[in-house]
Each structure stands twice: as structure tokens, then as C-alpha cells.
Amino acid sequence: MTRTITKIPEFTDPLGETLHLLRLTGTLYCRSELTAPWGVDLPSFDGCMMFHIVTAGHCWIEVKGEEPRLLQQGSLVLVPHGNGHCIRSGPEEDAVPLFDIPVEKVSDRYEIMRYGGAGESTHITCCVVRFDHVAGQKLISLLPKVLHINSWADDEDSWLHSTLRFIAREARDLRPGGETVITHLADILIIQAIRSWIDSAPEAERGCLICIVAISFLKAAIHSMRCRLKYCWN
């Protein structure tokens, strides 16, 4: 018996729908090749999220109001609210303002930074991204100051392991289309980091989060409908 699909099922999970809307609308990537001792002081980026992937070596990250965190090779760390923060080769190293460090501009969205002394090497892919959808922005606002996933040696998350390696290879080789590949992979990494945080949240807190997201999504849908009606009347 031949079956013909005439309608694609719609999302029934408000949280899943919101995650679906977490598409990057603005990105700036920097591949950093750093040698100890080094420290970089990143300013705040209002309305943006920042994340770092350590592809070789290790470093420390410190966000104001949070304890310093050690990032090992394979770590993915998100700073969801765009707060200023420092990354260093050691917790006591001085940090130089980001825009005081020269970079090689590969494109409007991609830079390479080479900085530091003559010591141990650390490679980091850094990114600043922006989300425009209202429901997505609401979900981002509910996240903690720092989200940290360390999965390089985690066999259960082998897909994330492979994704990190893929990004590292694309960032290293700068092959044609590499910028686009990294951008789409970044979508996946950010969503997975948020899912991991949601999965680790207490059940009551997770239920509250889903309710808030559902309400936000409904408000966004109503706003969109009003805009369309206004356009039709005009």
C-alpha cells in the first residue's frame, strides 16, 4: 500500500520549538593561538552570547561574580548574557583588553589572534553570536551566567567530541566554505549546551522553565499575528 504524506507534523513541544528558533543572526569568530603567559580581557557585548571552545591546551575563565573555572582541551563554555570576562593561561595572569591585541582579519566574520609569550600553547575558537527571535531571547535570559561542558574524553557524548574536532579542523585549515560549516556547527553546539543544562536542572525548575518558554512563545506568536493583521489592513 502506497502512503502519501500531505502534511508535515508541527512542533508540539514549546521548548523544542524555542530551541528550533535559536538560529544565529550575527556571528564573529576568532581562532586564537595563545602561548603562556597570556591573558585576554573581553568586554561586555549587550544582546549577544559569547562562547569559547578549547581545541588544544587549557586555560582559565573568570566571569564577574563567578568562581574561576579551568577549561581543559575539548571544553565548551557559554557566556549567555554577553557579560565581560577574562580568559588566561593561569588564574593570576594579567589580562590585556581584547581590542588592544592585534589580529589577522581573514574576513568580516573571521579573525586569527596570535598572542602571548614563549610558553605552553593553547588554541581556542571564540565566537560572539546574536539571536533575534523573542522566544529565543527569553530562553537565553533564563540561562545562568556561565554554561560549561567538558566532553573531550566523554565516550557517551562522542558526537560532541567529533563536532569539536570538526570545528578545530575547519578553523585550522580555513578550507573553502569553512566559515559556513563552523556557523552551522555552532548552532548545534549552543543548542546541545542548553539542553544539557536543562537536563541537569531539578524537575520542578525544568517544569517552570518550560512553562515560561511556552508563554514567551505564545506572546511572540500573538505579536507576529498582530503585525500581519496590521499589514493586511494597511
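Up top you'll find the structure we're talking about.
Residues numbered from 1 in each chain as written. Predicted model: local features only at pLDDT ≥ 70, side-chain atom pairs only at ≥ 80, totals over all residues. Heavy atoms only, no water.

Asker: Any chance you could explain the side chain of Arg31 here in plain terms?
Answerer: Tracing the backbone through its elements, the reader meets Arg31 in strand β1 (residues 26–35). Side chain to side chain, Arg31 and Glu33 meet in a polar contact 2.9 Å long. (Helix = DSSP H or I, 4+ residues; strand = E, 2+ residues; numbered from the N terminus. Polar contact = N/O pair within 3.5 Å; in protein donor to acceptor, adjacent residues only side chain to side chain.)

Asker: Whenever I open this one, the nonpolar core confuses me. Can you help?
Answerer: The nonpolar side chains of soluble globular proteins are, as a tendency, buried together. Judged by nonpolar contacts, the single largest core of 26 residues is most densely connected at Met49, Phe51, Leu78, Ile190 and Ile194. Elements with a minimum of two residues in this core: β3 (48–56), β6 (75–79), β10 (110–116), β11 (121–130), α2 (134–141), β12 (147–150) and α4 (178–200). Ranked by the residues each element gives to this core, the list is headed by α4, at 9 residues. (Core = buried A, V, L, I, M, F, W, Y, C linked by side-chain atoms within 4.5 Å. Buried < 20%, exposed > 50% of the residue type's maximum accessible area, 1.4 Å probe, protein only.)

Asker: Looking at this structure, how should I read the sheet that holds strand β4 (residues 59–63)?
Answerer: Strand pairing in a sheet relies on backbone hydrogen bonds. The paired strands run either parallel or antiparallel. Spatial ordering of the open sheet is given by β5-β4-β7-β2-β8, a layout of 5 strands whose pairing is mixed. A single partner strand is all that each edge strand has here, and the edge strands are β5 (69–71) and β8 (96–97). Looking at chain direction, strand β2 (residues 39–42) and β8 are connected through 2 bridges and run parallel. What sits directly across from Asp41, in β8, is Pro97. (Pairing = 2+ DSSP bridges.)

Asker: Would you explain unusual backbone geometry in this entry?
Answerer: In most cases, non-glycine residues show a negative phi, while peptide bonds are predominantly trans. Cis geometry marks the peptide bond from Ala36 to Pro37, where omega comes out at -5°. As for its placement among the helices and strands, Pro37 is situated in the loop between β1 and β2.

Asker: Just checking my understanding: could you explain the pairing of strand β7 (residues 85–88) for this structure?
Answerer: On a regular strand, each side chain points to the face opposite its neighbour's, so the side chains alternate between the two faces of the sheet. Going residue by residue along β7, you find His85 and Ile87 tucked away on one face and Cys86 and Arg88 tucked away on the opposite face as well. Here β2 pairs with β7 via 4 bridges, running antiparallel. Along β7, the bridge assignment pairs Val40 with Ile87. Here 4 bridges tie β4 to β7, and the two strands are oriented antiparallel to one another. Opposite Trp60, over in β7, you have Arg88 as the bridge partner.

Asker: Help me out: how do you make sense of the environment of Glu111 in this one?
Answerer: Within the element layout of this structure, Glu111 appears in strand β10. For Glu111, a relative accessible area of 17% puts it in the buried group. Beyond its immediate stretch of four places on either side in the chain, Glu111 contacts Leu28, Tyr29, Cys30, Arg31, Val103, Glu104, Lys105 and Val106. (Contact = heavy atoms within 4.5 Å.)

Asker: I'm lost on the pattern of salt bridges in this one. Help?
Answerer: Any two side chains of opposite charge can pair, so long as their charged atoms come close to each other. Under the definition given, this model contains 6 salt bridges. A salt bridge links Glu66 to Arg69; the shortest N-O distance between them is 3.8 Å. A relative accessible area of 28% means that Glu66 is categorised as partly exposed. Among the ionic pairs, Glu111 bridges to Lys105, the shortest N-O distance being 3.9 Å. By relative accessible area, which is 53% here, Lys105 ends up exposed. Members of the salt-bridge network, linked through shared partners, are Arg31, Glu33, Glu104 and Arg114. (Salt bridge = Lys/Arg side-chain N within 4 Å of Asp/Glu carboxyl O.)

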